[in-house]
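# Per-entry structural report
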Amino acid sequence: MVILPATFTGSTRRLHEYAQDAMTYVRNYGHPDLFITFTCHRKWDEIKELLLPGQSPVDRHDIIAHVFKQKLKSLMDFIVKHHVFGETRCWIYSIEWQIRGLPHSHILVWLFNKITPDKIDEIISAEIPDINISVHEGCIDADGAEQETFCGVMDLPKPVAKSSYIIINKTVHAACTTVQKISVESAAALEYEQSKEIEDQLSSTRYTGFVGDGDTNTYKKVCDSKPYGEKLIEKLECVGHVQKRVGTRLRNLKNNTKEMLPDGKRLGGKGRLTDASIDKLQSYYGNAIRENKNDIVKMRAAVWAVFFYKGSSDEKHVHNFCKDIPV
């Protein structure tokens, strides 16, 4: 068996280490301020310049990986060292590969100074692509005919006309401005209404059931404190805890019994009280309680049926209580 260390890229331990780092950041600094997706483009000049004659980017995944890594490093330096969004407290990112072989990165950034609603437009913006910079470059020739590329084969729409582009861009910009104004003005009111609703729900909440394991001092102290006045709190037994307690006691019995039994053998061992048989007894015991939770007599009979059944053999059948178990 080979165990890859956390220094090996892509290993289980490395991914677990990154996940722990991310949870530590959230626990100490709250939600990240920025979620950035950085995607590789097959027409980057750095990629095209390194291709051999007759090659396309899909033929050289090594070039794509190297160029993307260098650009990602430059982007992180731009964010972390040059403080383009402000001074950075901490950051973390992951790299994923798309179906067609292009990588992209998801980046989380925590800043010292939180971003306020009035600063969002300085960081995030969106617009209709310029008509002179077609997103279909290489997919549609000068005469407008579709080429045998992904866009042409999939029959994707052509770029909008310049007149339509200007109208659409102005409409979208006006709508974004209106939404931003409404959002900023109503943010405080919305936050107050939501907090008021949560407070009302919590004030009417009553925890009248106490889940415990056997005799517990905590339950008694809770009842004595009378958190809801004269409203009684019901004691609910956790079957899982009771079931686990049976297994624990059987294992302790097996491990602590050192003397030989009358047949000259120890309590544990093959064909006797093993960890596997204890697991079965523990499971049977829990099922006997759950299936007869409304009838204590049948519950007792089911528990004894498990005990006698495990003590049965081909020579000596012991099924005294089996007939009492409902089918």
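Note that the structure is predicted; figures quoted are calculated from it, not measured.

Conventions used here
Residues numbered from 1 in each chain as written. Predicted model: local features only at pLDDT ≥ 70, side-chain atom pairs only at ≥ 80, totals over all residues. Heavy atoms only, no water. Helix = DSSP H or I, 4+ residues; strand = E, 2+ residues; numbered from the N terminus. Areas by Shrake-Rupley, 256 points an atom, 1.4 Å probe, with all protein chains shown as cover. Salt bridge = Lys/Arg side-chain N within 4 Å of Asp/Glu carboxyl O. Buried < 20%, exposed > 50% of the residue type's maximum accessible area, 1.4 Å probe, protein only. Phe/Tyr/Trp six-rings, centres within 6.5 Å; stacked < 30°, edge-to-face > 60°. Lys NZ or Arg CZ within 6 Å of the ring centre and 35° of its normal. Pairing = 2+ DSSP bridges. Core = buried A, V, L, I, M, F, W, Y, C linked by side-chain atoms within 4.5 Å. Contact = heavy atoms within 4.5 Å. pLDDT = per-residue confidence, 0-100. Axes fitted to C-alpha atoms, helices over the stretch in contact; angles between N-to-C directions. Parallel < 35°, antiparallel > 145°, perpendicular 65-115°, else oblique. Left-handed = near helix turned anticlockwise from the far one by under 90°. Expected span 1.5 Å × (residues − 1).

With that settled, consider the overall build of the protein chain. Looking only at helices and strands, the protein chain has 10 helices and 5 strands in total. Carbon and sulfur atoms form 57% of the exposed surface of the protein chain, whose accessible area is close to 24,700 Å².

Here the structure, examined in full by the defined rule, presents 8 salt bridges. Ionic pairing is found between Glu46 and Lys71, a salt bridge with its closest N-O pair at 3.4 Å. One end of the pair, Glu46, is in helix 2 (residues 45-48); the other, Lys71, is in helix 3 (residues 61-80), with 25 residues separating them in the sequence. Glu46 gets classed as partly exposed once you look at its relative accessible area, which sits at 36%. Relative accessible area serves as the criterion here: at 24%, Lys71 is assigned to the partly exposed category. As a salt-bridge pair, Lys119 and Glu122 come within 4.0 Å of each other at their nearest N and O atoms.

Quick look at the packing of aromatic side chains now. Going through the model one piece at a time under the given rule, you end up with 4 aromatic pairs. Seen from their ring centres, Tyr25 and Trp110 are 5.3 Å apart, and the 65 degrees between their planes marks the pair as edge-to-face. Here Tyr25 is found in helix 1 (residues 12-29), whereas its partner Trp110 is found in strand 3 (residues 103-111), with 85 residues between them in sequence. Residue Trp110 is classed as buried on the basis of its relative accessible area, which comes to 1%. Centre to centre, the rings of Trp91 and Tyr93 are 5.8 Å apart; their planes meet at 5 degrees, and the pair counts as stacked. Relative accessible area serves as the criterion here: at 35%, Trp91 is assigned to the partly exposed category. Ring pairs connect the aromatic residues Phe38, Trp44 and Phe68, which therefore count as one cluster. The ring of Trp44 has Lys71 sitting right over it, with the charged end atom 4.8 Å from the ring centre.

Along strand 1 (residues 34-39), the buried face is formed by Leu34, Ile36 and Phe38; none of Phe35, Thr37 and Thr39, which line the opposite face, is buried. Note: strand 1 against strand 3, 6 bridges, orientation antiparallel. When the bridges of strand 3 are listed, Phe35 appears paired with Leu108.

If you look at the biggest cluster of nonpolar residues, it comprises 18 residues, and the most contacted ones within it are Cys40, Trp44, Ile47, Ile107 and Val109. Looking at which element gives the most residues to this core, the answer is helix 3, with 7 residues. Among all residues touching Val109, those that are not within four sequence positions of it are Pro32, Asp33, Leu34, Ile36, Ile79, Thr88, Cys90 and Trp91.

Turning to the confidence of the model for the protein chain, a few remarks are in order. Of all residues in the protein chain, 69% attain a pLDDT of 70 or more, and the chain-wide mean is 75. Within the model, the stretch residues 146-150 combines pLDDT values under 50 with 14 contacts to residues more than four positions away or in other chains.

For any two helices packed against each other, the geometry comes down to the angle between their axes and how far apart the axes lie. Look at helix 8 (residues 239-256) against helix 9 (residues 275-290): their axes get within 9 Å of each other, and the N-to-C directions meet at 150 degrees. What the angle tells us is that helix 8 and helix 9 run roughly antiparallel. Here the hand of the crossing between helix 8 and helix 9 comes out right-handed. Facing Val239, Gly240, Val242, Gln243, Lys244, Val246, Gly247, Leu250, Arg251 and Lys254 of helix 8, the residues of helix 9 in contact are Asp275, Ile278, Asp279, Leu281, Gln282, Ser283, Tyr285, Gly286, Ile289 and Arg290.

Bringing helix 8 into the picture now. With 18 residues, helix 8 should cover 26 Å at 1.5 Å per step; its first-to-last C-alpha distance of 26 Å lies within 8% of that length. Buried residues along helix 8 sit in contact with helix 9.

A separate point is unusual backbone geometry. The backbone of His83 shows a phi angle near 55 degrees, a positive value even though the residue is not glycine. Relative to the elements of secondary structure, His83 occurs in the loop between helix 3 and strand 2 (88-97).

Contact pair helix 9 / helix 10 (residues 296-310): the axes reach a minimum separation of 8 Å and the direction vectors enclose 160 degrees. The angle between helix 9 and helix 10 falls in the class roughly antiparallel. Crossing angle aside, the handedness with which helix 9 passes helix 10 is right-handed. Residue-level inspection shows Lys280, Leu281, Tyr284, Tyr285, Ala288 and Ile289 of helix 9 in contact with helix 10, the latter providing Met299, Ala302, Val303, Val306 and Lys310.

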